[in-house]
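Commentary on secondary and tertiary structure
Here is what each chain is made of, one letter per residue.
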Protein chains: 2
Amino acid sequence: MFRNSLVFRRLGIDTQHEHFVYMREDCHICKSEGFEALTRIQVSDGRETITASLNIIRSEILLPGEISLSESALKILKVEDGQKLYPSHLHSINSFGHLRAKIYGNKLSEAQFHEIIKDIVAGKYSNIHLSAFITACAANNLTTEEISDLSKAMIKTGHVIDWHSENVVDKHCIGGLPGNRTTPIVISIVTSLGLRMPKTSSRAITSPAGTADTMEVITEVNLSADEIKRVVNKEGGCIVWGGTSQLSPADDLLIRVEKALDIDSEGQLIASVLSKKVAAGSSHVLIDIPIGETAKVRSKEAAIHLSSKMMEVGSILGLKTKVIITDGSQPVGRGIGPALEARDILAVLRNQEDAPKDLKERALKLAGELLELASVAAFGGGYQLAKKVLEEGKAYRKFKAICEAQGAFREPETAPYSKEIKALSPGTVQDIDNRKLAKIAKLAGAPSSPLAGLDFLAPIGSQIKRGQTLFTVYAESQGELEYALEYLDYHSNILTIN
Amino acid sequence: MFRNSLVFRRLGIDTQHEHFVYMREDCHICKSEGFEALTRIQVSDGRETITASLNIIRSEILLPGEISLSESALKILKVEDGQKLYPSHLHSINSFGHLRAKIYGNKLSEAQFHEIIKDIVAGKYSNIHLSAFITACAANNLTTEEISDLSKAMIKTGHVIDWHSENVVDKHCIGGLPGNRTTPIVISIVTSLGLRMPKTSSRAITSPAGTADTMEVITEVNLSADEIKRVVNKEGGCIVWGGTSQLSPADDLLIRVEKALDIDSEGQLIASVLSKKVAAGSSHVLIDIPIGETAKVRSKEAAIHLSSKMMEVGSILGLKTKVIITDGSQPVGRGIGPALEARDILAVLRNQEDAPKDLKERALKLAGELLELASVAAFGGGYQLAKKVLEEGKAYRKFKAICEAQGAFREPETAPYSKEIKALSPGTVQDIDNRKLAKIAKLAGAPSSPLAGLDFLAPIGSQIKRGQTLFTVYAESQGELEYALEYLDYHSNILTIN
């Protein structure tokens, strides 16, 4: 069946989700496929076959007759050094025809979206093709029908959980707000009141912390599907990482390329959010859209438009959807980064004096809305009920119980290296560039160094004295701290103080 | 100035034009920039700085404190093993804002196109960004003004040649037709008659041969700018590789991604062709658009539309442009692949009995049109004049003189391995899939193995007997021949015989 074989040797190159194959320039397959094009080929271990982009080796890190694969490819072809691999020509990919049709502005059918999404999940799309798909969907505004069809295709190509319950709630915040870690608080409140909220969260991609990164400071988040079921059946909710659950796996691939392009087209955004909610078995979904200059959504008009599209698609997909529009002008809480955000969450749940009030208020508002949406509270009574549960300590007890069911309850630690950034002149804080604050936390090492990040101490309206600390940067190593401070050398306009 | 440094060690990985940087997973910069995103950073050798995409090394091919770069990056940072490199955070790229504006359908100004194209030439765009730019331009049909502005930006960001002559002619064929190697014949004819035709041709990217690959079988094509001038001043023309001349370098980058996506949007196509002609110093340009099922342009309507847009933009750019529409239903000549096409060219120039008549006729038609466009022949008299020059042997003598001025005149050789592909049933040839024929020639090793390719022996209308040879595949090694034949295992429908 295979006319060609080469011997595998691992090089250990991690190229992320796009598979790469490495071959020597004197290999006849390299010559046949050509050096000039952005060539892709097929590689098989005799059982599984992957599509991989070709990089050419012009050194002796591979010997004649050898071939290597990027790390992602080794998760599919489980080959070891010295074993044979079979490279072959990549035959044409049918759904690229649909992709081209979309580029040229044609409306796609559900079947065509399904073929595209299936091929994306199978790894047949390189970053170039993913980028073209994302751009074409953004440029040729998808119709409501297309957004629903795209969502359905994303749902079909992943796992779907059935909780055998009619009241499964979820919330989602349309990102962009550092420190906005309300989810663990909301879950603790609503599950205390008997709602089911099995939350699978993401890790950060370009932000300094995802909910899963933050929760990992306090508890275990890498749970198997069976373990998740056990936790939810016991406590009514969970706060775990969704990465292993393969809900809407196409979205996990698309989202990386969207972040690289820094675009969020309406169609992709709605399909991304709602496909995951359906796949997670939710019946009621609350969507939070913060508006702000440096948030994802920048104007009230844009938020209202997005909101109505979201409700329409939600209804086609059979979800009871509610959208609320909130303030996104500045970070929420004080901490930005996994451990620092975890500390804020615990302060709110424990009703500490120094707990960030804005984080508490946001969490109560969202929990209240969810309680009303799921008819646990009467219209207008959700907030007060949520507040009572939080302030009586019931939410904290529930949170601890969920964490213990997930396998641990730990207190967050403090980073060993830090640097206070002080005001050079006095005044009132007028504006905050959330994106730059997030970038500093990230360059300091968050989230892969969980103690890294920053504490933000100068919210909008603060009266600042010369020399007063505006924020403190934390890092786990001197090198990471320096790397973040280098960014500050070039960006002094993070806060506008007048 | 730089807070971080690592020691370079070459790995010899060729990733084509996109620069990659390799760092170990335990490197603090890797941790700071994050593993999850498609991260890009800056790398400097202290003088030059490049933008590179990050791949993470999870093995010992790099030691702690080491860093590596892809081969393309080493053409800019000329660093050797053991020397220091300085990685730093990539600050935001301004023209990405214009890219996003184009994605969302806004019209760009000449200045915005210029910023984008400048950043592309500077290597600041990853394949993801190039793909988004190409897709956005295709999806939001560029206006005539935008196409001219894009062309001007491409011209401005490269070298422009001034021949100090008002009659500099050129021709271009809108690709897609295997074996269509008329250029060397046309040049020989028109330069015999005193026209100036300094032709810089491309090498193949996804086709089995570019004009430069074919000419390299017969003569030298890698000439410096000074050598090209000398040849053109002596003989009136040249047939060299344009790769070193840096005419419209942005186009060289965009075209690779367009090929990977297999799209050719009108705007990009026109800007690509015409920007190179202006940069090469041409005054009169003849464009050949072959139409065919498997050619680049598939219908007469599309060809006429493209033709009128091309004339409009040509006129804005100050070019005298003529477009002719020709038959693109099948390969031209017999050979497909550098040496086999070179043999056909020589057969025509030498007026051999067995010279492919279709190649000769096409070359005469194009030469005739050019002679009329540049007023060397009267309207309607170009073809006869071209025919006379060819059949009297003047064109062949000129061709040899040009080759000798370029440094050599060699006869093409024949490949050592071949396989005749025979008809399984009798009938009349009705249709030919040019793309699949080209692919077989390519998989057999063309153009990097110059003797590889195929001889096509069954043009449309041929009466075929069972067992008659339809085409012969040639290769320089048994492995390459096998690799091409493997493709044939899956594709039996290359010719339609009824």
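Residues numbered from 1 in each chain as written. Chains lettered and ligands numbered in written order. Predicted model: local features only at pLDDT ≥ 70, side-chain atom pairs only at ≥ 80, totals over all residues. Heavy atoms only, no water.

1. A short note on the environment of G328 of chain A
Residue and element names in this part refer to chain A. Inclusion rule: Secondary structure is summarised from DSSP: a helix means a run of H or I of at least four residues, a strand means a run of E of at least two, and numbering begins at the N terminus for each. Only protein chains enter the area calculation, which uses a 1.4 Å probe; residues under 20% of their type maximum are buried, those over 50% are exposed, and those in between are partly exposed. By the convention used here, residues are in contact when the closest approach between their heavy atoms is within 4.5 Å.
Its place among the elements puts G328 in the loop between β12 (320-327) and β13 (335-336). You can call G328 buried: its relative accessible area is 1%. Filtering out sequence-adjacent residues up to four positions away, G328 remains in contact with L177, P290, I291, G292, A295, R362 and N434.

2. Quick notes on the packing of aromatic side chains
All names here are of chain B. Note the cut-off: Any two of the Phe, Tyr and Trp rings considered here, Trp counted by its six-membered ring, make a pair once their centres fall within 6.5 Å; the pair's planes then place it as stacked at under 30 degrees, edge-to-face at over 60, or tilted in between.
What the rule picks out here adds up to 5 aromatic pairs over all chains. On the basis of an interplanar angle of 70 degrees and a centroid distance of 6.5 Å, the ring pair of F113 and F133 is categorised as edge-to-face. Of this pair, F113 sits in helix α4 (residues 110-121) while F133 sits in helix α5 (residues 127-139), and the two are 20 residues apart along the sequence. Relative accessible area serves as the criterion here: at 0%, F113 is assigned to the buried category.

3. Let's talk about unusual backbone geometry
Leave glycine aside and you will find that most residues have negative phi; peptide bonds, for their part, are mostly trans. Residues and elements named next belong to chain A. A cis amide bond, omega 5 degrees, links A446 with the succeeding residue P447. Inspection of the secondary structure puts P447 in the loop between α17 (434-443) and β16 (453-456). Backbone geometry places D262, a non-glycine residue, at a positive phi of 55 degrees. As for its position among the elements, D262 is in the loop between α10 (249-261) and α11 (266-279). Using a relative accessible area of 41% as the deciding quantity, one classes D262 as partly exposed.

4. Describing the sheet that holds strand β17 (residues 463-464) of chain B
All names here are of chain B. To be explicit about the condition: Two strands qualify as a pair provided that DSSP identifies no fewer than 2 bridges between them.
Here 3 strands make up an open sheet; going across it, the order is β17-β15-β19 and the pairing antiparallel. Of all strands in the sheet, those with a lone pairing partner are β17 and β19 (495-497), marking the two edges. Note: strand β15 (residues 427-432) against β19, 3 bridges, orientation antiparallel. Among the inter-strand pairings, I432 is bridged to a residue of β19, identified as L495.

5. Remarks on the domain arrangement of chain A
Residues and elements named next belong to chain A. Applied cut-off: Domain start and stop points were drawn from an automatic or database domain assignment. The term buried area denotes the loss of accessible surface (1.4 Å probe radius) that occurs when two parts are joined, taken as the sum for both partners. Salt bridges are identified by distance alone: a Lys or Arg side-chain nitrogen within 4 Å of an Asp or Glu carboxyl oxygen. In protein, a polar contact means a hydrogen-donor-capable atom and an acceptor-capable atom, both N or O and within 3.5 Å, with residues adjacent in sequence counting only if both atoms are side-chain atoms; elsewhere, any N or O pair within 3.5 Å suffices. Throughout this entry, Asp, Glu, Lys and Arg are counted as charged residues, while Ala, Val, Leu, Ile, Met, Phe, Trp, Tyr, Cys and Pro are counted as nonpolar. The remaining residues, Gly among them, count as polar.
On domain assignment, one finds that chain A holds domain 1 (6-89), domain 2 (169-245 + 277-406) and domain 3 (417-497). With centres defined by C-alpha atoms, the gap from domain 2 to domain 3 works out at 26 Å. The interface is formed by 27 residues belonging to domain 2 together with 21 residues belonging to domain 3. Buried area between domain 2 and domain 3, summed over both chains or domains, comes out near 1,700 Å², and the portion from carbon and sulfur atoms is 58%. By the criterion of area lost to domain 3, the three top residues of domain 2 are P208, T294 and Q330, representing 29% of everything that side buries. Here R343 makes a salt bridge to D455, at a shortest N to O gap of 2.8 Å. Taken together, the links from domain 2 to domain 3 amount to 8 residue pairs in polar contact (both at pLDDT 80 or more). Its residues placed into classes, the side of domain 2 that touches domain 3 shows 13 nonpolar, 9 polar and 5 charged.

6. Re the packing of helix α17 (residues 434-443) of chain B against helix α18 (residues 478-490) of chain B
Residue and element names in this part refer to chain B. Cut-off, in case you're wondering: Interaxial angle, 0 to 180 degrees, is taken between N-to-C directions of lines fitted to C-alpha atoms, where a helix line uses only the stretch in contact. Should an angle fall under 35 degrees it is taken as roughly parallel, and over 145 as roughly antiparallel, whereas 65 to 115 is taken as roughly perpendicular and any remaining angle as oblique.
Packing of α17 against α18 leaves a shortest axis separation of 8 Å and a crossing angle of 155 degrees. In terms of orientation, α17 and α18 fall into the roughly antiparallel class. Side by side, α17 and α18 meet where K436, K439, I440 and L443 of the first sit next to E480, Y483, A484, Y487 and L488 of the second. Per-class residue counts for the contact of α17 with α18 are 6 nonpolar, no polar and 3 charged.

7. Considering the relation of the copies chain A and chain B
We count it as follows: A least-squares fit on C-alpha atoms brings the copies together, and the residues used are those whose pLDDT is at least 70 in both copies.
Here chain A sits on chain B after a turn of 180 degrees about the axis and a move of 0.0 Å along it, with an RMSD of 0.1 Å. Interpreted geometrically, this transformation is the action of a two-fold axis.

8. A closer look at the interface of chain A and chain B
Residue-level contacts link 75 residues of chain A with 76 residues of chain B. At the boundary of chain A with chain B, total buried surface from both sides reaches about 6,700 Å², with 54% on carbon and sulfur atoms. The largest contributions to the chain A side of the interface with chain B come from R3, L38 and Y483 of chain A, which together make up 11% of the buried area. Where D262 of chain B meets R100 of chain A, a salt bridge forms, and the shortest distance between an N and an O atom there is 3.8 Å. The tally of links between chain A and chain B comes to 28 residue pairs in polar contact (both at pLDDT 80 or more). Partitioning the side of chain A that touches chain B into residue classes produces 31 nonpolar, 26 polar and 18 charged. Judged from the 2 bridges that link them, strand β5 (residues 49-57) of chain A and strand β2 (residues 13-14) of chain B form a sheet pairing that is antiparallel. Residue pairing across strands places I56 of chain A opposite D14 of chain B, the latter belonging to β2 of chain B.

9. Side note on the sheet that holds β16 of chain A
Residue and element names in this part refer to chain A. Spatially, β13-β16-β18-β14 is the arrangement adopted by the 4 strands of the open sheet, whose pairing is antiparallel. Pairing within the sheet leaves two strands with one partner each, and these edge strands are β13 and β14 (417-422). Two elements, β16 and strand β18 (residues 469-475), share 4 bridges in a ladder whose sense is antiparallel. In the sheet register, F456 faces β18, and the bridge partner there is F471. In the packing of α17 onto the sheet, the strands contacted are β13, β16 and β18, and the crossing angle to β16 comes to about 140 degrees. Packed onto the sheet, helix α18 (residues 478-490) meets β14 and β18 and runs at close to 20 degrees relative to β14.

10. Side note on helix α10 (residues 249-261) of chain B
Threshold: Expected helix span is given by 1.5 Å per residue-to-residue step, counting one fewer step than there are residues.
Over its 13 residues, α10 of chain B extends 19 Å from the first C-alpha to the last, a length consistent with the 18 Å expected when each residue adds 1.5 Å. Regarding α10 of chain B, the residues found buried are P249, A250, D251, L253, L254, R256, V257, E258 and L261 of chain B. Each element contacted by the buried residues of α10 of chain B is listed here: α3 (95-103) and α5 (127-139) of chain A together with α4, α5, α6 (144-156) and α11 (266-279) of chain B. Just downstream of α10 of chain B lies D262 of chain B, where phi reads positive at about 55 degrees.

11. Here's the deal with the side chain of T321 of chain B
By the secondary structure assignment, T321 of chain B is in strand β12 (residues 320-327). Residue T321 of chain B is classed as buried on the basis of its relative accessible area of 13%.

12. As for the side chain of H129 of chain B
Inspection of the secondary structure assignment puts H129 of chain B in helix α5. With residues up to four places along the chain from it excluded, the contact list for H129 of chain B reads A260 and L261 of chain A together with R40, F96 and L99 of chain B.

13. Things to note about the environment of Q16 of chain A
Within the element layout of this structure, Q16 of chain A appears in the loop between β2 (13-14) and β3 (20-24). Expressed as a C-alpha distance, the spacing of Q16 of chain A and S70 of chain A, which sit 54 residues apart in the sequence, is 8.3 Å. Leave out the neighbours within four places in its chain, and Q16 of chain A touches S72 and R256 of chain A together with F35, E36, A37, L38 and T39 of chain B.

14. Quick word on the pairing of strand β15 (residues 427-432) of chain A
Regular strands place side chains that alternate from one sheet face to the opposite one. In the sheet, β15 of chain A pairs with strand β17 (residues 463-464) of chain A via 2 bridges, with the strands oriented antiparallel. Looking at the pairing, T428 of chain A lines up with Q463 of chain A of β17 of chain A.

15. Some details on the pattern of salt bridges
Applying the stated criterion across every chain yields a total of 72 salt bridges over all chains. The partner of K360 of chain B in a salt bridge is E391 of chain B, and the shortest N-O contact between them spans 2.7 Å. Residue K360 of chain B is found in helix α14 (residues 357-373), and its partner E391 of chain B is found in helix α15 (residues 382-391); the two are separated by 31 residues along the sequence. With relative accessibility at 18%, the residue K360 of chain B sits in the buried group. Overall, the relative accessible area of 40% leaves E391 of chain B in the partly exposed class. If you follow the salt bridges from partner to partner, you end up with D14 of chain A together with E25 and R58 of chain B in one network.

16. Here we look at the pairing of strand β9 (residues 197-201) of chain A
Residues and elements named next belong to chain A. Most of β9 is tucked away: 4 of the 5 residues are buried. Sheet topology note: the β9/strand β10 (residues 237-241) ladder contains 5 bridges and is parallel. Each residue of the ladder has a partner; that of M197, found in β10, is G237.

17. Observations concerning α15 of chain B
Residues and elements named next belong to chain B. So the rule is basically this: Think of the arc as the fan of directions from the helix axis to the C-beta atoms.
When α15 is considered as a whole, its buried residues turn out to be G382, A386, V389 and L390. Axial view of α15: buried residues confined to an arc of 100 degrees, hence all on one face. The inward-facing, buried residues of α15 abut α7 (183-192), α13 (338-349), α14 and α16 (394-406). Count one or two residues on from α15 and you reach G393, which has phi positive near 90 degrees.

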